[in-house]
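# Descriptive analysis of the structure
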Amino acid sequence: MTYCVDLHSHTDFSDGRLTPEELLLLAARQGVDILALTDHDTTEGIPRAQIAAAKYGVHLIPGVEISCQWRGQVIHLLGFNIDIYNSILQQGLLKIRNFRYLRAQAIAEKLNNYLKVKDMLKEVVAHAKNKENIARPHFAQVLVDRGHARHMQEAFKKYLLPGKPGFVALDAIPLEEAVTWIIQAGGIACIAHPLRYSFKLKRLTEMVEEFKRLGGQAIEVVAGTSKLDEITKMAELAQKLGLYASIGSDYHGMGLSWCAMGRTLPLPKECRSITELWS
Ligand code: AMP
Ligand code: MN
Ligand code: MN
Ligand code: MN
């Protein structure tokens, strides 16, 4: 029997659109058997997601997507099957959310000046469910609502990407620290969407090798944006380095996602699926 597995998703506790209950209902409707909830830098949605998962008969993996950096480049690290009550992990995530709030203040100031308005921060915070966990999509939504961009992609392109008037880099903790937190919380660390960091293959391999030395065990071989040749490349990398392979849509909600929940391309047969660790 093959299971439908989706190990990367977001709720409105970070930058997704759906509540945990709506996300789990969608998972059940999409026929997803195993879903990981991996909000950016928070696990606040997990307890509600666990209740909904039991109700809808979905196996929920408690997860997180941690914003960190390696050699100055922001990297997203997934943690699966973490103990969400682990204090080292929670202290770490709180520190990142504080960085996020400081960055939101800086982005708002830049956008206020550029657009000659006053209240970007107030509106963005009003729009965010978790008032400190503010991500760029929250700004993008307000920019669209106010008519400064036609859609989210355009808001990113015009204002929020590097070099644009509202870009501010997130202060990020080192990859090493993030891996340690996940391991301390009893979880499995996995590099998210390895091909989205604009590294050449050699540098990416160096990063993943270092990640493995730190105790990391998996890379996301199939991501929401993955094309077949990219999947083949990442499957080879996982095999070469003896890592498990993960698969996830990175679902953020309608209009915010590259791929429907549970509808990624499949993991290549030669991969060792990370789900082997849980069966
Ligand atoms: P942040 O972590 O605050 O820097 O925001 C990053 C989030 O913005 C990612 O997790 C995506 O959900 C979203 N994102 C990144 N780049 C784009 C883009 N070009 N268009 C739309 N959404 C994006
Ligand atoms: Mn996101
Ligand atoms: Mn990500
Ligand atoms: Mn994500």
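Residues numbered from 1 in each chain as written. Chains lettered and ligands numbered in written order. Predicted model: local features only at pLDDT ≥ 70, side-chain atom pairs only at ≥ 80, totals over all residues. Heavy atoms only, no water.

### Quick notes on the domain arrangement of the protein chain
In terms of domains, the protein chain is made up of domain 1 (5-86 + 174-278) and domain 2 (94-160). One C-alpha centre belongs to domain 1, the other to domain 2; they are set 25 Å apart. Roughly 1200 Å² is buried in total at the junction of domain 1 and domain 2, and carbon and sulfur atoms are behind 47% of that figure. Three residues stand out in domain 1 for area buried against domain 2, namely F13, D15 and D41, and they jointly supply 34% of the buried area on that side. Counting the contacts that link domain 1 with domain 2 gives 3 salt bridges. When the shortest N-O distance is used, the salt bridge between R100 and D41 registers 2.9 Å. Those elements that place two or more of their residues in the side of domain 1 that touches domain 2 are β3 (59-70) and α7 (175-184). Within the side of domain 1 that touches domain 2, the residues separate by chemical class into 6 nonpolar, 5 polar and 7 charged. (Domains from an automatic or database assignment. Buried area = accessible area lost by both parts, 1.4 Å probe. Salt bridge = Lys/Arg side-chain N within 4 Å of Asp/Glu carboxyl O. Helix = DSSP H or I, 4+ residues; strand = E, 2+ residues; numbered from the N terminus. Nonpolar A, V, L, I, M, F, W, Y, C, P; charged D, E, K, R; others polar.)

### Structural notes on the packing of aromatic side chains
If you walk through the whole model with that rule in mind, you get 4 aromatic pairs. Aromatic pair W70 and F199: ring centres 5.6 Å apart, planes at 85°, arrangement edge-to-face. Taken together, the residues W70 in strand β3 and F199 in the loop between β6 (188-191) and α8 (201-213) connect sequence positions 129 residues apart. The residue whose ring lies beneath K129 is F13, and the NZ or CZ to ring-centre distance is 4.4 Å. Here the guanidinium or amino end of R196 rests over the ring plane of W258, the centre of that ring lying 4.6 Å away. (Phe/Tyr/Trp six-rings, centres within 6.5 Å; stacked < 30°, edge-to-face > 60°. Lys NZ or Arg CZ within 6 Å of the ring centre and 35° of its normal.)

### Considerations on the coordination of the manganese ion (ligand 4)
Those protein atoms acting as donors to the manganese ion (ligand 4) are H8 (NE2), H10 (NE2), E65 (OE) and D250 (OD), and they sit at 2.1 to 2.2 Å. Donor residues binding the manganese ion (ligand 4) come from one chain and are separated in sequence as H-x1-H-x54-E-x184-D. A separation of 4.6 Å is found between the manganese ion (ligand 4) and the manganese ion (ligand 2). Look at H10 and you get buried, because its relative accessible area is 1%. (Donors = N, O, S within 2.8 Å, 3.2 Å for Na, K, Ca; no water. Buried < 20%, exposed > 50% of the residue type's maximum accessible area, 1.4 Å probe, protein only.)

### Here's the deal with the pattern of salt bridges
This structure, assessed with the given rule, holds 11 salt bridges. E21 is the partner of R48 in a salt bridge, and the nearest nitrogen-oxygen pair spans 2.8 Å. Separated by 27 residues along the polypeptide, R48 in helix α2 (residues 46-56) and E21 in helix α1 (residues 20-29) bring together distant segments of the chain. Here R71 ties to E206 by a salt bridge, and the two come within 2.9 Å at their closest N and O atoms. Here E206 lies in helix α8 and R71 lies in the loop between β3 and β4 (73-80), a separation of 135 residues in the sequence. The class for R71 is partly exposed, based on a relative accessible area of 49%. Linked through salt bridges whose partners overlap, the residues forming this network are R71, K202 and E206.

### Thoughts on the site of ligand 1
Around ligand 1 sit D15, H40, R100, R103, A135, R136, P137, Q153, F156 and H252, and that is every residue in its neighbourhood. Here an oxygen atom of ligand 1 sits 2.8 Å away from a polar atom, N or O, in the side chain of R136. Relative to its unbound accessible area of 510 Å², ligand 1 is 84% covered by the protein chains. Broken down by secondary-structure element, the contributors of at least two residues to the shell around ligand 1 are α3 (87-115), α5 (136-145) and α6 (152-160). When residues are assigned to domains, the shell around ligand 1 turns out to be shared by domain 1 (5-86 + 174-278) and domain 2 (94-160), each giving three or more. (Near = heavy atom within 4 Å. Polar contact = N/O pair within 3.5 Å; in protein donor to acceptor, adjacent residues only side chain to side chain. Areas by Shrake-Rupley, 256 points an atom, 1.4 Å probe, with all protein chains shown as cover.)

### A few points about the coordination of the manganese ion (ligand 2)
On the protein side, the manganese ion (ligand 2) has D15 (OD), H40 (NE2) and H252 (NE2) as donor atoms, found 2.1 to 2.2 Å from it. Read from N- to C-terminus, the donor residues coordinating the manganese ion (ligand 2) fall into the pattern D-x24-H-x211-H. The metal-metal distance between the manganese ion (ligand 2) and the manganese ion (ligand 3) is 5.5 Å. Placement of H40 in the loop between β2 (34-37) and α2 and of H252 in the segment after β8 (244-247) is noted, with a sequence separation of 212 residues between them. On the basis of relative accessibility, which here comes to 7%, the residue H252 falls in the buried class.

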